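# Commentary on secondary and tertiary structure
Read off the chains here:
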Amino acid sequence: MNEHRPRVAVITGGASGIGLATARRLQQHDWSVVIGDINEASAERALASLDAARAAFVRTDVTREQDIVALLSAAQTRFGGLEGMVNNAGIPGAFGAITEIEVQEWDYTIAVLLRSVFLGIKHAARAFKAAGHGGAIVNVASVAGLSGGVGPQAYSAAKAAVISLTKTTAVELAADGVRVNAVAPGPVLTPILGASPGRQERAAEMLKSTQPWPQPGGPEDIAAGIAFLASSDARFITGETLVIDGGQTAAGPLESMSRLSDPRAKHIAGVDRGSTGQAPTKRTTNSDGGDTDAQRRERGGPPVQP
Ligand code: NAI
């Protein structure tokens, strides 16, 4: 590796929130960064806030293998190598009662949150091996992957699987000098929480009852952990999941944020596509959590039996 070339990291979902804060933090530590994101408008805004000489954007849908291959190859062509991969892109995904979640809502959620991490690890590890040097992979999981009361079902299942995949691939790739770690953030204030007026303030208020640390966390708090795990200071750390949650997990079963705003209690179901620029779908369900009779008829199903 050319000693004078800054290290190069790819960050999926780098146009917003934790990904963008990570891009900034890595640039401060002398990395060049390549953002792979599906939302071109927010990626353009993100690029404008970074050091342009050491930043690039490639429109990427992280669920598509050819997009991940093109993203990594563009990073190598543009900046001359690849040493870091941050698998961060995410959406809240399917929500509502488990009895009401549609298969396509489930599959979309798992594809964005889990298939993407598999693809990112697969192709970054190939690139690191082909270059004949090691590399650092950091996956963004969530405290929702550690217990049952924090996030919705598909989201939590995907994040638990990301923690598992971090361990299995860390073991497999250690001999190649490739470290694989994860961070598990608690709720922090980013656009993923929703852009409706007052949403961030309400989330900050809710955190006061669910988190021991008095101030809410921000994306830069998670970015600091990611940058550490990607750095040579963490050269002996692999297969680890670093929880960054203001003490929420340490405190145990406090009333969770998701229970305070549980869509199941409001009898709604659907899929939230987060900051992608794509609209959510949402439908009301009856008081049992199921679809209303009118909705069942619309879908060709029988009315609910009393
Ligand atoms: P964000 O909404 O600010 O950023 C997510 C980015 O991912 C957006 O720019 C979005 O366009 C991109 N993205 C979504 N689907 C994509 C796709 N198919 N292809 C490419 N890009 C796609 O969200 P935030 O909060 O920064 O989330 C980043 C990661 O952190 C996610 O994996 C999320 O699950 C995780 N996380 C966030 C927490 C929070 O409270 N904000 C807590 C725990 C985990």
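Read on for an overview of the structure. (Residues numbered from 1 in each chain as written. Predicted model: local features only at pLDDT ≥ 70, side-chain atom pairs only at ≥ 80, totals over all residues. Heavy atoms only, no water.)

On to the pattern of salt bridges, then. Evaluation of the coordinates by the stated rule reveals eight salt bridges. Here Glu-83 makes a salt bridge to Arg-5, at a shortest N to O gap of 2.8 Å. Here the residue Glu-83 occupies a position in the loop between α3 (65-79) and β4 (84-87), and Arg-5 occupies one in the segment before β1 (7-12), the gap between them amounting to 78 residues. Both residues of the pair, Glu-83 and Arg-5, count as buried. Residue Arg-54 is joined to Asp-51 by a salt bridge in which the shortest nitrogen-to-oxygen separation is 3.2 Å. Given a relative accessible area of 34%, Asp-51 falls into the partly exposed group. (Salt bridge = Lys/Arg side-chain N within 4 Å of Asp/Glu carboxyl O. Helix = DSSP H or I, 4+ residues; strand = E, 2+ residues; numbered from the N terminus. Buried < 20%, exposed > 50% of the residue type's maximum accessible area, 1.4 Å probe, protein only.)

A few words now on the nonpolar core. Of all hydrophobic cores here, the largest spans 29 residues; its most connected members are Val-10, Val-34, Leu-72, Leu-82, Ile-137 and Val-180. Mapped onto this core, the elements with two or more residues apiece are β1, β3 (55-59), α3, α4 (103-131), α5 (153-173) and β7 (178-185). With residues up to four places along the chain from it excluded, the contact list for Ile-137 reads Met-85, Asn-87, Ile-121, Ala-124, Phe-128, Val-178, Arg-179, Val-180 and Asn-181. (Core = buried A, V, L, I, M, F, W, Y, C linked by side-chain atoms within 4.5 Å. Contact = heavy atoms within 4.5 Å.)

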